[in-house]
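Report on the structure
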Amino acid sequence: IARGIRPAALDAGLTTAVQTLAARSALPVAVEVFGDVDGFNPTVRAAAYYAVTELVNNATKHGGASHVTVTLRRAAERTLLIEVADDGVGGARVVPGGERLGADSHTGLAALADRVAALDGTMLVDSPTGGPTNIILTLNQ
């Protein structure tokens, strides 16, 4: 059932949806788009939108960031690259099975990594203590 649910924000395309998300964010969010990112299938566009939403929210709620940059790039015919960088305190990490460890265990990143892997994608988290945080996702259709 969840596979068929798609955010209404995507009706105008992934680029517009992410730009709208950025405009409504509590932090300043810069959005850079390279190539036709709106041409991916609906599953990839929805996964990308949810990922960006979660990562911007994490920077706002947990990262202590003052700004975020979101980059969307068509890296290949079938590959979407998403980079979300912030100037926060760092320390973000993926905790496999973290949902059993409590709210402070960054379980959202583990769930995001699982969703990305389901699309034959990858997630790289570079977030040293003291910051900044840079997360790169690839999604494949």
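Since the structure is predicted, the reported quantities are computational estimates derived from the model, not experimental observations. (Residues numbered from 1 in each chain as written. Predicted model: local features only at pLDDT ≥ 70, side-chain atom pairs only at ≥ 80, totals over all residues. Heavy atoms only, no water.)

Describing the packing of helix α1 (residues 14-24) against helix α2 (residues 42-61)
In a packed pair of helices, the relevant descriptors are the angle between the two axes and the axis-to-axis distance. To keep it simple, the criterion reads: Orientation is described by lines fitted to C-alpha atoms, with helices fitted over the stretch in contact, and by angles between N-to-C directions that extend from 0 to 180 degrees. The helix count covers DSSP runs of H or I at least four residues long, the strand count covers runs of E at least two residues long, and both are numbered beginning at the N terminus. Reported orientations rely on four angle classes, namely roughly parallel under 35 degrees, roughly antiparallel over 145, roughly perpendicular from 65 to 115, and oblique for the rest. What makes a crossing left-handed is the near helix being turned counterclockwise from the far one by less than a right angle; a clockwise turn instead makes it right-handed. Every residue pair with non-hydrogen atoms within 4.5 Å of one another is taken to be in contact. Three residue categories are used. Nonpolar comprises Ala, Val, Leu, Ile, Met, Phe, Trp, Tyr, Cys and Pro, charged comprises Asp, Glu, Lys and Arg, and polar comprises the others, including Gly.
Contact geometry of α1 with α2 gives a least axis separation of 10 Å together with a crossing angle of 15°. For the element pair α1 / α2, the angle class is roughly parallel. For the element pair α1 and α2, the recorded crossing hand is right-handed. Counting all contacts with α1, which are made through Leu-14, Ala-17, Val-18 and Leu-21, the residues of α2 involved are Arg-45, Ala-48, Tyr-49, Val-52 and Thr-53. Residue composition of the contact of α1 with α2, grouped by class: seven nonpolar, one polar and one charged.

With respect to the packing of aromatic side chains
Heads up, the rule is: In this analysis, rings of Phe, Tyr and Trp, with Trp reduced to its six-membered ring, are considered paired at centre separations within 6.5 Å, and the interplanar angle assigns stacked below 30 degrees, edge-to-face beyond 60, and tilted for intermediate values. To sit over a ring, a charge needs its Lys NZ or Arg CZ within 6 Å of the ring centre and within 35 degrees of the ring normal.
Counted by the stated rule, this structure contains one aromatic pair. Over the ring of Phe-34 we find Arg-73; its NZ or CZ atom is 4.4 Å from the centre of that ring.

Observations regarding the confidence of the model for the protein
Put simply, the rule is: Confidence of the predictor at the level of single residues is given by pLDDT, which spans 0 to 100.
The share of residues in the protein with pLDDT of 70 or more is 87%, and the mean pLDDT across the chain is 88. Counted against residues more than four places away or in other chains, residues 98-106, with its pLDDT under 50, gives ten contacts.

Here we look at the nonpolar core
Note the cut-off: Only buried Ala, Val, Leu, Ile, Met, Phe, Trp, Tyr and Cys residues count toward a nonpolar core, and they belong to the same one when joined by side-chain atoms within 4.5 Å. Here the term buried applies to any residue with accessible area under 20% of the maximum for its type, exposed to any over 50%, and partly exposed to those in between, with areas from a 1.4 Å probe on protein chains only.
Core analysis: the biggest nonpolar cluster contains 34 residues, and Leu-14, Val-70, Leu-80 and Ile-82 have the highest contact counts within it. Counting residues per element, this core draws most heavily on α2, at nine residues. Once residues within four sequence positions are removed from consideration, Ile-82 is found in contact with Ala-48, Val-52, Thr-71, Leu-72, Ile-135, Ile-136, Leu-137 and Leu-139.

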